[in-house]
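Understanding the architecture of this molecule
These are the residues of each chain, in order.
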Amino acid sequence: MNAQIVDALGRRSVLLENHHIRAVIENRGGMMPEFSLKRGHGGINSHWNPEFRDNSGLPYEQNQNAAYWKVKLLSQVAGDFLCSPNFGGGCQVDGVDLPPHGWAANEDWSLESHGVSPDKSVGSARFSMNSPQPKMPLSWTKCDLVLEGQAAYFSVMRIKNSGSAPLAINLTRHNTVGVPFLQAGCQISLCADRYQVAPSGTEFDSTGRLALGAEFSNLQKAPLRTGANVDLTQVPGIIGATDFVTGAVPSHLNLGWSCVVNPILGLAYVCFFPGEAGLPEGEVALSFNDLWMQYGGRNFTPWALNEAGADRTFCLGTENAIGAYANGLEFSRRNPEILGRPTTVTIPAGGERKLCYGTALVELTTELVQQGIRRVEAQEGFLVLHGTKSAQRIPMDATFQRVRKFESGS
């Protein structure tokens with residue numbers, strides 16, 4: 001077990017490591033450029049590290065850097081990170097200018113503590129961030145941890161409102177997988193039961209292949225703009241299209257989840273979080289499985305090397321969200337419900353809300369690789385992956401009982 005401060009090209013980070021995995025959390029935007037499973041003399045990193053990421057170690061300067069990166073976020077984006085109070089493009093809410101994906105994804109988190117528990121069973125890091133705008137008096141705390149014997153990292157996030165009025169905000173985990181884990185032929189499965197393509201008027205109008213605003217119930221039969229259907233469960237590789245689909249997480253679930261399987265590597269990347277059914281008081285259940293399918297189609301910087309150049313970026317966002325598509329908080333407040341699920345969470349005046357979240361890298365049995373993942377459930381001490389005919393039980397705190405106790409200090 002290991003929990004130590006590392007520095008990568010000017011980015012102060014914490015490495016959390018056990019015998020199975022490594023997870024790196026940066027203070028800048030809380031980015032997680034590495035979540036790797038140990039194999040051989042190295043490991044397989046599942047998280048996206050874009051070719052265009054700034055590795056100069058210099059701070060972002062709008063006047064100098066905007067021509068290429070457009071916004072600060074794109075100069076530092078990687079892997080998994082928290083989006084709040086905004087999810088999507090920059091917008092103005094309550095007289096406050098919110099950056100793309102919120103302050104949580106853009107500003108520096110303060111590292112409050114890090115270390116290994118006395119019994120060496122937990123490695124953890126605690127971070128905090130305060131709103132830079134008094135008109136939106138929010139604060140965030142985050143406890144990231146790994147447990148010995150479990151190929152996963154966990155995060156418990158608390159959002160506090162010190163103001164005198166409730167605040168409706170977005171809250172999202174922006175998991176994004178990339179090469180070498182992501183390859184053509186990977187398979188996607190979600191817990192959602194209803195889906196909708198991002199409507200017209202978004203950044204995907206000119207980049208996508210899916211019918212704008214279309215609703216459908218089968219991820220294997222998503223409507224194209226040509227009138228045909230396409231199977232979104234199969235990752236095609238670079239095809240010159242970038243699309244966004246949101247899926248409603250059913251309210252009757254005890255566990256929400258999303259999964260990407262690489263059948264060649266025999267690995268599953270699984271995101272999981274408490275569902276609305278049986279949710280403890282004061283906690284938040286995420287509303288949507290979001291797929292950001294970055295398979296080309298953005299022929300402008302930084303996705304391409306130059307304007308009108310070829311998009312060279314291949315990644316897949318398996319984001320789990322409380323937000324209206326990725327259209328920002330202002331749009332979410334105007335559209336408080338999509339597919340029957342809420343697009344904002346309200347943080348009460350003087351109160352707080354908590355989100356528990358986990359991400360795992362699972363080595364699958366041959367049977368499950370062949371069958372694919374159809375359902376994921378939590379049992380005490382286990383994460384259970386179901387195929388069409390068989391299941392695999394993986395030792396993991398999928399009910400978050402141990403994680404909650406550690407985070408609260410109980």
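First things first, this report covers the structure right here in the doc. Since the structure is predicted, the reported quantities are computational estimates derived from the model, not experimental observations.

Digging into the environment of Ala168
With respect to the helices, strands and loops of the structure, Ala168 is situated in strand β13 (residues 167–169). Note: C-alpha distance between Ala168 and Leu361 (193 residues apart in sequence) is 33 Å. Residues contacting Ala168, with those up to four places away along its chain left out, are Leu329, Arg333, Thr344, Val345 and Thr346.

Description of the sheet that holds strand β2 (residues 11–17)
Overall, antiparallel pairing links the five strands, which are arranged β1-β2-β3-β4-β5 in an open sheet. Of all the strands in the sheet, just β1 (2–8) and β5 (42–45) have a single pairing partner and so form its edges. Taken over all neighbouring pairs, the strand axes of this sheet differ in orientation by 30° on average, direction set aside. Judged from the four bridges that link them, strand β3 (residues 21–26) and strand β4 (residues 34–39) form a sheet pairing that is antiparallel. Of the residues in β4, the one forming a bridge with Ile21 is Leu37.

Re the nonpolar core
As a rule of thumb, nonpolar side chains are buried together in soluble globular proteins. Among the nonpolar cores identified, the biggest contains 103 residues, and Phe272, Leu316 and Leu385 are the most heavily contacted of them. Of the residues forming this core, the biggest block, seven residues, is contributed by strand β23 (residues 267–274). Setting aside its immediate chain neighbours within four residues, Leu316 contacts Asn175, Thr176, Val177, Leu182, Ile188, Val235, Val260, Leu291, Trp292, Met293 and Tyr295. Of all hydrophobic cores here, the second largest spans 28 residues; its members include Ala66, Val77, Ala198 and Ala321.

Let's talk about the environment of Leu37
For Leu37, the location among the structural elements is in strand β4. Leu37 gets classed as buried once you look at its relative accessible area, which sits at 3%. Here the alpha-carbon distance between Leu37 and Leu82, two residues 45 residues apart in the chain, equals 22 Å. With residues near it in sequence (within four places) discarded, Leu37 still touches His20, Ile21, Gly42, Gly43, Ile44, Ala151, Leu267, Leu361 and Glu363.

Side note on the pairing of strand β32 (residues 391–395)
Here β32 shows one buried face, formed by Gln392 and Ile394, and one open face, formed by Ala391, Arg393 and Pro395. As paired elements, strand β31 (residues 382–386) and β32 share five bridges and run antiparallel to each other. Across the sheet, His386 pairs through a bridge with Ala391, a residue of β32. As consecutive antiparallel partners, β31 and β32 are separated by four residues.

Details of the packing of aromatic side chains
Overall, the coordinates contain 18 aromatic pairs when judged by the stated rule. Ring centres of Phe154 and Phe400 lie 6.0 Å apart, and the angle between their planes is 90°; on these two criteria the pair is classed as edge-to-face. Taken together, the positions of Phe154 in strand β12 (residues 152–161) and Phe400 in the loop between β32 and α6 (401–408) put the pair 246 residues apart, joining distant regions of the chain. A residue is classified by how much of its surface remains accessible, and Phe154, at 0% relative accessible area, is buried. Given a relative accessible area of 1%, Phe400 falls into the buried group. Between the aromatic rings of Tyr325 and Phe331, the centroid separation amounts to 6.2 Å while the plane-to-plane angle is 55°, which identifies the pairing as tilted. One exposure class covers both Tyr325 and Phe331, and it is buried. In this structure, Lys142 packs its charged tip against the face of Trp109, placed 5.1 Å from the ring centre.

Conventions used here
- Residues numbered from 1 in each chain as written.
- Predicted model: local features only at pLDDT ≥ 70, side-chain atom pairs only at ≥ 80, totals over all residues.
- Heavy atoms only, no water.
- Helix = DSSP H or I, 4+ residues; strand = E, 2+ residues; numbered from the N terminus.
- Contact = heavy atoms within 4.5 Å.
- Pairing = 2+ DSSP bridges.
- Axes fitted to C-alpha atoms, helices over the stretch in contact; angles between N-to-C directions.
- Core = buried A, V, L, I, M, F, W, Y, C linked by side-chain atoms within 4.5 Å.
- Buried < 20%, exposed > 50% of the residue type's maximum accessible area, 1.4 Å probe, protein only.
- Phe/Tyr/Trp six-rings, centres within 6.5 Å; stacked < 30°, edge-to-face > 60°.
- Lys NZ or Arg CZ within 6 Å of the ring centre and 35° of its normal.

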